[in-house]
Amino acid sequence: MPFSVRFAAKAPGPGTASPVADWVPVGIGPGVLADVAGTAGPAVMAGVAAAERAALGTSARVVAWPPEDLGAALAAVDAELARLDLEASRFRDDSELSRVHRSRDQVHQVSHGLAEAIGVALAAARWTGGLVDPTVGGALIALGYDRDFADIAPEPSDGPGPVAGQPGAVPGWRSVMLEGTTLRLPAGVRLDLGATAKGLGSDRAAAAAYAACGRAAGGRGGILVSLGGDIAVAGLPPRGGWPVAVADSSDTGVPAQVVRLTADALATSSVTARRWRRDGRSLHHILDPRTGWPADGPWRTVSVAAASCAEANAAATAAIVAGRDAEAWLAATGLPSRLVAHDGTTRLLGGWPDPGGCPDLGAARGAWSW
Amino acid sequence: MDEEHQDPAAARTRARGLRRVRRWSNGTAAALIAATALTTGYFARASASATAATAGTAVASGISGVSGVSGASGQPGAAVGARQPCVSVPVATSGGSGVTRQTVIRSCGTGGGGSSSAPVVITTGRPGEGGDN
């Protein structure tokens, strides 16, 4: 049974929201330019408006309909992303998580928001049997992933770097205890919430944006939030669903599958991006907690649709780590999944639609009726 | 017959009968009103559902060539209206951190040279699901 995520979107607090002006309009398709203001132009013709900005070490995209909702949605998403960053980033000295890491205490009273983020990470660890584990932070640091990925030199010419053959230790998620907002973290354990935090952020942001637009009161409209490709939607989708390209490469020569998401969430984990080299060894950001090294299974990209983006995010990452056991593990969850192997072969599970033309959805729908 | 000339016993009997008829009549009227309201509500809901189902089928057939869209959970109403947009190009890419690209697509049945496959529908709603931890 997948874990559930219960989260509460918060109203923007003073000083937490970054300027909406950071967002840039996004063109959707040829000749269709989304207008942030949503007052005129092609965005109104398309019926949706979209904008994008850098956030949390990746890109954030918000799509809204009706287009005039975009402004309120962006403000709400700004607030949620700022909150999550201040709570759970291990790359910011002023984040709450960094303060916990610096503290000599082993018992901490944390905010409700950080407690939620850690709680979701621990729930994911429990659900996946430890395939995803928030205590990989120390091992990631040992491998050189100790700052925003954009700041990591692909192959440093100096500095210690990791010692080949000696991965960082992974203490294991069971060493972390969370009771309400009381966190017990053994000395030296470094948390990395990367397997769930982006998904949680998308969940929070989509819910907050939807509420900010007043749609929760019964109005008609919909929101899509993507954080680095981890997508959550809220409200009513466009007719037929939100079209989303599922791709495991930025190379347009590699085919993408386009799916339509009518509700909930979709997330993808991949080892094709966020790679770097140390000591001549090619590394990536998805660690196998059992070894402390980057996962080296047969799958390079896994996409999963689930009821929440945190759940989809965790499942996709767990499948990468599970390696040859990924198919069995994902099949047991029943979640629609798409796996791409290093040789490019694709495996579809749990009713994920066949990319070949128009699918016989009726046959697959049974698998989705949980 | 003039009431003034009835004997008292007959008048009391008549009054009791009238009260009984009025009560019965009032109860019947209330029941009729309630039944009418229930029936109206039922048909209103049925009509809305039928409208939504018809619209959903038509949309799905036009966009992705499938026979219906189901299972959208947590949505504020299923009715499809004129303002609900139809988007025929991907609005986002799910490809893992760092993978970003836009892909132009075509609807099923339009043919012709798109760089990707036709859109299909993923439905993840799980009616009645309850969380466990």
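Residues numbered from 1 in each chain as written. Chains lettered and ligands numbered in written order. Predicted model: local features only at pLDDT ≥ 70, side-chain atom pairs only at ≥ 80, totals over all residues.

Draft legend 1. The arrangement of the overall build of chain A in detail. For chain A, the count of helices and strands is nine helices and 16 strands. Here the contacts in chain A between residues at least 6 apart in sequence split such that 63% fall between residues at least 24 apart. (Helix = DSSP H or I, 4+ residues; strand = E, 2+ residues; numbered from the N terminus. Contact = placed C-beta atoms within 7 Å.)

Draft legend 2. Structural view of the overall build of chain B. Helix and strand counts for chain B come out as one helix and two strands. Tracing chain B from N to C terminus, the helices and strands come up as α-β-β. Here chain B holds 133 residues, and the buried ones make up 24% of them. Counted over contacts in chain B with a minimum sequence separation of 6, partners at least 24 positions apart contribute 44%. (Buried ≥ 20, exposed ≤ 12 C-beta atoms within 10 Å, placed from the backbone.)

Draft legend 3. Up close: the packing of helix H2 (residues 70-88) of chain A against helix H4 (residues 112-127) of chain A. Residues and elements named next belong to chain A. Packing of H2 against H4 brings their axes to within 9 Å, and their N-to-C directions diverge by 75 degrees. Between H2 and H4, the angle falls in the class roughly perpendicular. Across the interface between the two elements, Arg-83, Glu-87 and Ala-88 of H2 pack against Gly-113, Leu-114 and Ala-117 of H4. Here the residues of the contact of H2 with H4 sort into three nonpolar, one polar and two charged. (Axes fitted to C-alpha atoms, helices over the stretch in contact; angles between N-to-C directions. Parallel < 35°, antiparallel > 145°, perpendicular 65-115°, else oblique. Nonpolar A, V, L, I, M, F, W, Y, C, P; charged D, E, K, R; others polar.)

Draft legend 4. Representation of H2 of chain A in the model. Between its first and last C-alpha, H2 of chain A extends 26 Å over 19 residues, near the 27 Å set by a 1.5 Å rise per residue. Most of H2 of chain A sits inside the fold, with 14 of its 19 residues counted as buried. (Expected span 1.5 Å × (residues − 1).)

Draft legend 5. The sheet that holds strand S16 (residues 346-349) of chain A, seen in detail. Residues and elements named next belong to chain A. The strand order S1-S2-S3-S7-S8-S11-S14-S15-S16 describes an open sheet built from nine strands, whose pairing is antiparallel. Lying at the two open borders of the sheet, with one neighbouring strand each, are strand S1 (24-25) and S16. Direction of pairing for S1 relative to strand S2 (residues 49-55): antiparallel, over a ladder of two bridges. Bridged to Val-24 within S2 is Glu-52. This element, H2, spans S2, strand S3 (58-65) and strand S7 (222-227) of the sheet and lies at about 145 degrees to S3. (Pairing = 2+ DSSP bridges.)

Draft legend 6. Quick peek at the sheet that holds strand S5 (residues 177-179) of chain A. All names here are of chain A. On the basis of which strands lie adjacent, the open sheet formed by three strands has the order S4-S6-S5 and antiparallel pairing. The sheet is open, and its two borders are formed by strand S4 (107-109) and S5, each paired with just one other strand. Here the strands of the sheet are splayed against their neighbours by 20 degrees on average, with no regard to which way each runs. When S4 meets strand S6 (residues 182-184), the two strands line up antiparallel, connected through three bridges. By the bridge assignment, Val-107 is partnered in S6 with Arg-184.

Draft legend 7. The arrangement of the confidence of the model for chain A in detail. All names here are of chain A. Taken as a whole, chain A shows an average pLDDT of 80; of its residues, 73% reach a score of 70 or greater. This stretch, residues 30-45, has a pLDDT under 50; its non-local contacts, to residues over four places away or in other chains, come to 38 contacts. Contacts of residues 357-370 to residues separated by more than four positions or lying in other chains number 30 contacts, the stretch itself having pLDDT below 50. (pLDDT = per-residue confidence, 0-100.)

Draft legend 8. Seen up close, the pairing of strand S14 (residues 299-306) of chain A. All names here are of chain A. Within S14, eight of the eight residues are buried, leaving the element largely enclosed by the surrounding structure. Examined bridge by bridge, S14 and strand S15 (residues 337-341) share five bridges and lie antiparallel to one another. Across the sheet, residue Thr-301 finds its bridge partner in S15, namely Val-340.

Draft legend 9. Structural detail: helix H7 (residues 309-322) of chain A. Between the first and last C-alpha of H7 of chain A there are 19 Å, a value that for 14 residues agrees with the 20 Å anticipated at 1.5 Å per step. Burial within H7 of chain A is extensive, with 14 of its 14 residues counted as buried.

Draft legend 10. Seen up close, the environment of Arg-83 of chain B. In this fold, Arg-83 of chain B is placed in the loop between helix H1 (8-63) and strand S1 (92-94). Taking C-alpha positions, Arg-83 of chain B is 68 Å from Ala-11 of chain B, a pair spaced 72 residues apart along the chain. Setting aside chain neighbours within four positions, we find Arg-83 of chain B in contact with Pro-66 and Arg-220 of chain A.

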